[in-house]
Amino acid sequence: MAEVLMFLHIKVEASANLDSLSGFIVNEDEKYLIDNTKKQILVHGKSYQLKDTELIKTEFGLYLDHQLLGEIFGLHCEFNFRNLMLEIKPDFEVPAIREIRLAQFRKNMNHLKGDEIADTTINSKHHISRFGMLDWAINSIQSNSQSSDTRVWLALGAELFGGETNFRLNYSSNSGFNSRSQEYYWRWVNNQSKAAKQIRLGKISTLGIASVYDPMVGISITNASTTYRRSFGEYTISDYTEPGWTVELYVNNVIVDYQTADASGFYSFDVPLVYGASDVMLKFYGPYGEERTEKKTISVPFNFLPSGEIEYTLTSGVVMDVKHSNFARAEIKYGVNRFLTLGGGLEYLSSITSGSKISFVSAFIAPFQNFLVAGEYAHGVRTKILASYRLASGSMFELNYRRYTENQKAIKLNYLEERSAELSVPFNFSSFNGYTRWSLKQNVYKNLTFNTGNVTLSSFFGKINTNISTYTNWIRGGNPYIYSNVGLGVRFSRGLTGRVQGQWDIAQKSITSVKAGIEKKILHSGYLSISAERNIGFSYRSIEAAFRWNFAFSQVNSNWRIANNEYLSTQGARGSLAFGSGNGFIHADTRYATGRSGIAVVAFIDINHNGEKDDGEPFAKGVAVKMSGGRIVSHNKDSIIRITGLEPYTSYLITLDDKELEQISWQLKKKKIRVYTDPNQFKKIYIPVLPMGEVNGWVFFNDGKKTKGQGRIIVNFYRTNGKFVASTLSEKDGGFTFLGLPPGDYYAKVDSTQLKRLNMRSVPSGTNFSIKTTTNGSIVYNIQFEIEPNVENIK
């Protein structure tokens, strides 16, 4: 009885002679008393009289009829004799269940915050020189109307002098090696440093106020961390690309979401707002190997800082334009409180004729929940304000206003104002969901205002995807031009997908263009598509066929198109190689590897339990690995588990499971490991698998007449220096076993506290034994204890 209540974490105390149990249920006001002398139970202010057979006392405790546990205490019990399992259904939330629930809540919260507790942490390590990643791609174009061109690029990823080093070399058979198209940079990162967390040299981004369209070579220093820190709220980004293309969303170079564009190419993301400067990037991948090499970078305008935190960014370099313009920018932000961040700085571009220096101030305000305002004033250049309000349903309303100083030359625009308003509303039903967007935009010139309106409805119903977008363009005083784009996509069985698109001129009441295509998936690795298009307004006709095949090490593609009297064909291939994962293995993949990281989990039998892999200690197979992020890759050639596609300098939690190990005696001491990745390389994590020793034996009870096996007796194990190691409980027949002792000298004894409470003694009082150092773990058999009444204490 006491053991059941203790298991449920219900307060229970036994009297010295085991005649009664007392305590309280859930709270201290609900006290109870189980009295064997009076055969009575007092609980909830009520008294229950028991029969002699309903409450029994033995040498080891009080035992209550399980039916009374349900009737009196609300702990309904059902015993299954087949599997010897007791099922308890309480009428209330017992403390044990509440503690498990609260622990799970805390675990979920820690998971959202990235604060899950690990058994050990492996930090980033800087290296003088280490090479690890290589990407390659080749693409060839042939046409009857223009010269053929073959383009090759090679990307190399390494770590030099403790910093991430990336080179991307581009070659064209028409233009050769163009210095403007070559990419290279060195980046040093230390997120634990307070003064400077990132230093970048080489090709860098300006991300400034002035229009800079050419690449820049220079240096950037900031104390902003590379780690992903969630703030409050979200910001919606929606736009168009090609139908069926995959769009990946990156925040500070960390992929946070992806989706496939609908039948008209529409996509929408809810971007999580993060503390500090955030680079939000979208990458577009076509279904047949196409990839947009230009980077579409959007700076989320709401960059709040934690209260009291200061963040700065310093950038300087030379722009690779015809004037070799000098560029510099210094910006600082301060988190006043959770709802207000102030910033300011100075920007310099030598080629601006209206004034090379631009001073600016900024503010980010959250006046109340889900309402965000961002403002910036750049002296002599522009003023901008953005306000966003998000409803609990996910709908968002946004107002954007920008005014440019007349005759300014910093931003290359020919209008004076921008005004826009946008309303986005998602909707979800049991079998039907979608997204609608309403927007109005005005560009105000000196003598006219150009207006653009758009209404988009994108919906999904089972295997059918539809998109209807209506656009209106007009100038004040003129007739509006109104047209609609309609798209329909249907997924059939066996990997077959069909798409139809059309454009309707509402004013002329006529169809201006039609496009239809069909796509077939082949053997899980190949894709084949055929499409045709006719544009009536431009007298354009085309038919196109595309093919792609994904090998394990590379992706190859080919495309053929006939448009009017022109012929165009392309062929391409791409892939990547990752080195240094151990055992001389080179990981080949279709995904890019440069700028990424990997982890190699190497499990080995730690025979001597020193935590290091020594000569003669074999590798271990069967360790299961779980991790959020990356791709887990296993090979039959070795037992190393490789995780690819990870972001450098990022924390990942690896969870290990030893249930599939070849020997039951092999155990893992640390099953949760937090790893900070290193750039452009595999980080080897050695996992010691410990061969543990086992001890088993018997506990007998001698009442002076006969000897029998005795269950529920606690047997403790100690080191020879007296340090407690573990304990186990004897079974009903008196047998006990314990697995999990490392090599060494021990002694076992029956728990003295239990013996004292039972008024018993053990013969012998203790037994010495040793666990030997072996590959599979040693076993100690047949340790025996006999317990008997302590006659000396019986009066």
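Rules behind the numbers
- Residues numbered from 1 in each chain as written.
- Predicted model: local features only at pLDDT ≥ 70, side-chain atom pairs only at ≥ 80, totals over all residues.
- Heavy atoms only, no water.
- Helix = DSSP H or I, 4+ residues; strand = E, 2+ residues; numbered from the N terminus.
- Rg over C-alpha atoms; globule rule 2.2 N^0.38 Å.
- Buried < 20%, exposed > 50% of the residue type's maximum accessible area, 1.4 Å probe, protein only.
- Contact = heavy atoms within 4.5 Å.
- Areas by Shrake-Rupley, 256 points an atom, 1.4 Å probe, with all protein chains shown as cover.
- Lys, Arg positive; Asp, Glu negative; His and termini not counted.
- Charge placed at Lys NZ, Arg CZ, Asp CG, Glu CD.
- Core = buried A, V, L, I, M, F, W, Y, C linked by side-chain atoms within 4.5 Å.
- Salt bridge = Lys/Arg side-chain N within 4 Å of Asp/Glu carboxyl O.
- Pairing = 2+ DSSP bridges.
- Axes fitted to C-alpha atoms, helices over the stretch in contact; angles between N-to-C directions.

Student: Give me the overall build of the protein chain: which residues, what numbers.
Tutor: In terms of regular secondary structure, the protein chain is built from 4 helices and 58 strands. For 795 residues, the compact-globule estimate of 2.2 N^0.38 gives 28 Å, and the C-alpha radius of gyration of the protein chain, at 36 Å, exceeds that figure by more than 25%. Taken across its 795 residues, the protein chain has 43% of its residues classed as buried. Long-range contacts, defined as pairs at least 24 residues apart, comprise 50% of the intrachain contacts of the protein chain with a sequence gap of at least 6. Summed over its atoms, the accessible surface of the protein chain is roughly 42800 Å², and 55% of this surface lies on carbon and sulfur atoms. Here the protein chain contributes 89 positively and 75 negatively charged side chains, and the mean placements of these two sets differ by 5 Å.

Student: Please provide a residue-by-residue account of the nonpolar core, values included.
Tutor: Counting residues in hydrophobic clusters, the biggest one holds 24 residues, and the most contacted among them are Val695, Phe717, Phe769 and Ile787. Of all the secondary structure elements, the ones that give two or more residues to this core are strand E50 (693–702), strand E52 (714–719), strand E54 (735–741), strand E55 (744–750), helix H4 (752–758), strand E57 (767–771) and strand E58 (779–789). Ranked by residue count, the leading element in this core is E58, at 4 residues. Residues contacting Phe769, with those up to four places away along its chain left out, are Val695, Phe717, Leu741, Gly744, Asp745, Tyr746, Tyr747, Ala748, Val780 and Ile783.

Student: Which residues make up the pattern of salt bridges, and what are the values?
Tutor: Enumeration over the complete set of coordinates arrives at 20 salt bridges. Note that Glu376 and Arg382 form a salt bridge whose closest N and O atoms lie 2.9 Å from each other. Classification of Glu376 by relative accessible area gives buried; the value is 13%. For Arg642, the salt bridge is made with Asp638, and the minimal N-O distance between the two is 3.0 Å. Accessibility classification places Arg642 together with Asp638 in one group, the buried group. One continuous salt-bridge network, built from bridges that share partners, spans Arg329, Glu331 and Glu347.

Student: Got a sec to walk through the side chain of Ser424? Specific residues and values, please.
Tutor: Note on placement: Ser424 falls in strand E30 (residues 417–428). Owing to a relative accessible area of 1%, Ser424 belongs among the buried residues under this scheme. When residues no more than four places from it in sequence are discounted, the contact partners of Ser424 are Ser395, Met396, Tyr435, Thr436 and Arg437.

Student: I'd like a rundown of the environment of Thr236, residues and numbers included.
Tutor: Take Thr236: it is sitting in strand E17 (residues 230–240). For the pair Thr236 and Leu64, spaced 172 residues apart in sequence, the C-alpha to C-alpha distance is 62 Å. Not counting residues within four places of it along the chain, the set of residues in contact with Thr236 comprises Ser268, Phe269, Asp270, Arg390, Met396 and Tyr435.

Student: Could you give an account of the environment of Gly343, with specific residues and numbers?
Tutor: Here Gly343 shows up in strand E25 (residues 340–349). Residue classification places Gly343 among the buried positions, given a relative accessible area of 15%. In sequence terms Gly343 and Gly317 are 26 residues apart; their C-alpha atoms lie 22 Å from each other. Ignoring any residue separated from it by four or fewer positions in sequence, one finds Gly343 in contact with Ile332, Lys333, Val361 and Ser362.

Student: Which residues make up the sheet that holds strand E46 (residues 651–657), and what are the values?
Tutor: Taking strand neighbours across the sheet as the criterion, the 4 strands line up as E10-E48-E46-E43 in an open arrangement whose pairing is mixed. The open sheet has two free edges, formed respectively by strand E10 (120–122) and strand E43 (624–627), since each of these has just one partner strand. With strand direction ignored, the average angle separating the axes of adjacent strands in the sheet is 25 degrees. As paired elements, E46 and strand E48 (residues 672–676) share 5 bridges and run antiparallel to each other.

Student: Go over the environment of Leu86 with me, naming the residues and quoting the values.
Tutor: The topology assignment puts Leu86 in strand E9 (residues 85–90). Judged by relative accessible area, which is 39%, Leu86 ranks as partly exposed. With 65 residues separating them along the chain, Leu86 and Arg151 place their C-alpha atoms 71 Å apart. If we ignore the near neighbours within four places in the chain, the residues touching Leu86 are Cys77, Glu78 and Phe79.

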